Amino acid sequence: VNANVSALDLAEVDRQVRVAVDAGYRAIKLKVAAADLGTDIRRITAAWMACGSAELRLDANQGWSRGTADEALRVAADHGVTWCEEPLADTTQWASLASHGVALGLDESLTAAADINTLLDTPGVGVVVLKPAVLGGPVATMRIALMARAKGMRVIITSFFDGPVGL
């Protein structure tokens, strides 16, 4: 379970992260790529400083360019960010981001129609975020989860629009 933080204002990023950590969250997912690179770097730094021992994750929702992702992940690595979901829309460019040491996470790229084997073999991918409603249900999700685990990846099961009851 992670707390999602999407505030753009640095003081609000700090406040939301601290509230989540105080509430017992051990992981914070900072939504990035909704602002310019400088703002994202300052937000990543603010979240990192407020996290304490909580894990910091990023989610770019395919919103960065190759150059922006490269620079942001360089900073993220310095701040111990565990992983970044969907840094770029083009997964064929992800391999060049692997050298930063921040695991890359598949999420939106994983669909029932996607070439799952190719995506799971992408260099740098260390996490899969699986949404059963998008992937064709629990059996298809379990199949992908087992494939990912066999490759040593971390598997996260979550939902698309439905909440915990639907999941």
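As shown above, the structure is provided for reference.
Here the structure is a predicted model, which means the values were calculated and not measured.

A. Quick peek at helix α1 (residues 10-22). Taking 1.5 Å of rise per residue, the 13 residues of α1 would be expected to cover 18 Å, and the 18 Å separating its terminal C-alpha atoms lies within 8% of that figure. Of the surrounding secondary structure, the elements contacted by the buried residues of α1 are β1 (3-5), β2 (27-31) and α2 (37-51). The opening residue of α1 is Asp9, an N-cap whose side-chain oxygen sits 3.2 Å from the backbone nitrogen of Ala11. Once α1 ends, the next one or two residues include Gly24, with phi positive near 105 degrees.

B. Spotlight on the pattern of salt bridges. Taken as a whole and assessed by the stated rule, the structure comprises 13 salt bridges. With a shortest N-O distance of 3.8 Å, Arg66 and Asp70 are connected by a salt bridge. You can see Arg66 and its partner Asp70 sitting in helix α3 (residues 66-78), 4 residues apart, about one turn around the helix. Ionic pairing is found between Asp107 and Lys131, a salt bridge with its closest N-O pair at 2.7 Å. Note that Asp107 is positioned in the loop between β5 (103-106) and α4 (116-120) and Lys131 in the loop between β6 (125-130) and α5 (132-135), a separation of 24 residues in sequence. An identical accessibility class is assigned to Asp107 and Lys131; each is buried. Connected through salt bridges with shared partners, the residues Lys29, Lys31, Asp59 and Glu85 form a single ionic network.

C. Here's a closer look at the packing of α2 against α3. One way to put it is that α2 packs onto α3 with a least axis distance of 10 Å and a crossing angle of 20 degrees. In terms of orientation, α2 lies roughly parallel with respect to α3. Crossing geometry of α2 relative to α3 is assigned as right-handed. Here Leu37, Ile41 and Ile44 of α2 lie close against α3, whose contacting residues are Thr68, Glu71, Ala72, Val75 and Ala76. Of the residues assigned to the contact of α2 with α3, the class counts are 6 nonpolar, 1 polar and 1 charged.

Reading the values: the criteria
Residues numbered from 1 in each chain as written. Predicted model: local features only at pLDDT ≥ 70, side-chain atom pairs only at ≥ 80, totals over all residues. Heavy atoms only, no water. Helix = DSSP H or I, 4+ residues; strand = E, 2+ residues; numbered from the N terminus. Expected span 1.5 Å × (residues − 1). Contact = heavy atoms within 4.5 Å. Polar contact = N/O pair within 3.5 Å; in protein donor to acceptor, adjacent residues only side chain to side chain. Salt bridge = Lys/Arg side-chain N within 4 Å of Asp/Glu carboxyl O. Buried < 20%, exposed > 50% of the residue type's maximum accessible area, 1.4 Å probe, protein only. Axes fitted to C-alpha atoms, helices over the stretch in contact; angles between N-to-C directions. Parallel < 35°, antiparallel > 145°, perpendicular 65-115°, else oblique. Left-handed = near helix turned anticlockwise from the far one by under 90°. Nonpolar A, V, L, I, M, F, W, Y, C, P; charged D, E, K, R; others polar.

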